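A structural walkthrough
Each chain, written out:
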Amino acid sequence: MSENSTAPDAPAERDRTAPARDRGEPRFPGGPVADPAGSHHERRIRSFRPRRGRVTPGQSEALRRLWPQWGLDIDGLHRLDLGELFGDPDLPVVLEIGFGMGEATARMAAADPGTGILAVDVHTPGQGNLLALAERDGLSNVRVANGDAIILLREMLAPAALSGLRVYFPDPWPKKRHHKRRLLQPEFVELAATRLRPGSLLHCATDWEPYAEQMLEVLTASPSFDNTRPDGGYCPRPDFRPLTKFEDQGLNKGHIVHDLIFRRNDA
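Just so it is clear, the structure is predicted and the values come from calculations on it, not from any experiment.

1. A word on the overall build of the protein
The secondary structure content of the protein amounts to eight helices and eight strands. Taken as a whole, the protein presents about 12900 Å² of accessible surface, with 52% of it coming from carbon and sulfur.

2. Considerations on the packing of aromatic side chains
Taken as a whole and assessed by the stated rule, the structure comprises zero aromatic pairs. Across the ring face of Trp173, the terminal group of Arg181 is positioned such that the distance to the ring centre comes to 5.4 Å. One Lys or Arg, Arg241, reaches over the ring of Tyr168 and ends 5.7 Å from the middle of that ring.

3. Quick word on the sheet that holds strand E5 (residues 162-168)
Spatial strand order, E1-E4-E3-E2-E5-E6-E8-E7: eight strands in an open sheet with mixed pairing. Two strands bound the open sheet, and with one partner strand each, they are strand E1 (71-73) and strand E7 (225-227). Neighbouring strand axes in the sheet, compared pairwise and without regard to direction, differ in orientation by 20° on average. Of the pairings in the sheet, the one linking strand E6 (residues 196-206) to strand E8 (residues 258-264) comprises six bridges and is antiparallel in character. Bridging from a neighbouring strand, His203 pairs with Ile261 of E8.

4. Side note on the packing of helix H1 (residues 57-70) against helix H4 (residues 124-136)
Packed helix pairs are characterised by how far apart their axes lie and by the angle those axes make with each other. Between H1 and H4, the shortest axis-to-axis distance is 8 Å and the interhelical angle comes to 75°. Here H1 lies roughly perpendicular to H4, going by the angle between them. Packed against H1, whose contacting residues are Gln59, Ala62, Leu63, Arg65, Leu66, Trp67 and Trp70, the element H4 presents Thr124, Pro125, Gln127, Gly128, Asn129, Leu131, Ala132, Ala134 and Glu135 at the interface. In terms of residue class, the contact of H1 with H4 is made up of nine nonpolar, five polar and two charged.

Procedures and definitions
Residues numbered from 1 in each chain as written. Predicted model: local features only at pLDDT ≥ 70, side-chain atom pairs only at ≥ 80, totals over all residues. Heavy atoms only, no water. Helix = DSSP H or I, 4+ residues; strand = E, 2+ residues; numbered from the N terminus. Areas by Shrake-Rupley, 256 points an atom, 1.4 Å probe, with all protein chains shown as cover. Phe/Tyr/Trp six-rings, centres within 6.5 Å; stacked < 30°, edge-to-face > 60°. Lys NZ or Arg CZ within 6 Å of the ring centre and 35° of its normal. Pairing = 2+ DSSP bridges. Axes fitted to C-alpha atoms, helices over the stretch in contact; angles between N-to-C directions. Parallel < 35°, antiparallel > 145°, perpendicular 65-115°, else oblique. Contact = heavy atoms within 4.5 Å. Nonpolar A, V, L, I, M, F, W, Y, C, P; charged D, E, K, R; others polar.

Given below as structure tokens:
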């Protein structure tokens, strides 16, 4: 689901200051829960693997303090009011699905304070890290969501609620038998179209060429989107998408990164 979804967790210092927990006690009281939607929705093939991971003391502290203010669990039980969530009914909001450790998200939020970013991931250390970065940099335009982005789009967002959608370096699920788990499928694209305002952008990026080809095929076939490239191909990386450490490592290994930017039409 994020650019770090296939990478091993980096070694992290265990939070030795946290009190011992009883079995079954929430890891972060008042923070993100392991499966917020639970059994409320149908069981289906998911495009992500939940990754709790080891959490540093700083990330743990950010989750405990900031989650009640800037975090939300995707339970699928209520409709979100994005104006209320961000404290500004006129703020355009972009949904970012998969943000890794959140460095690129924080940089984009700082560069564009007039746009809200609703950032979704299931990686607990990344959730804590993004919250800590938002506090450090004074970013009031970031909210962190925990859980399944499909349920968020389908059950919790109103039609035409979003001003953009970003999917950067999703899990490529490279084995053929796992291709059905890839996020960028026709059903996902048409669901996303119902939640995007006309004229808004759906921006994807991947360094896995076969997945890039699938993305281009699926998006080109959608009646709801138009490619912003006149030649119908890939885009150069736009200035507003920061070069991440993950991407830089891939480039150093000879990987080719493909950006796809499609505009929601009036269809």
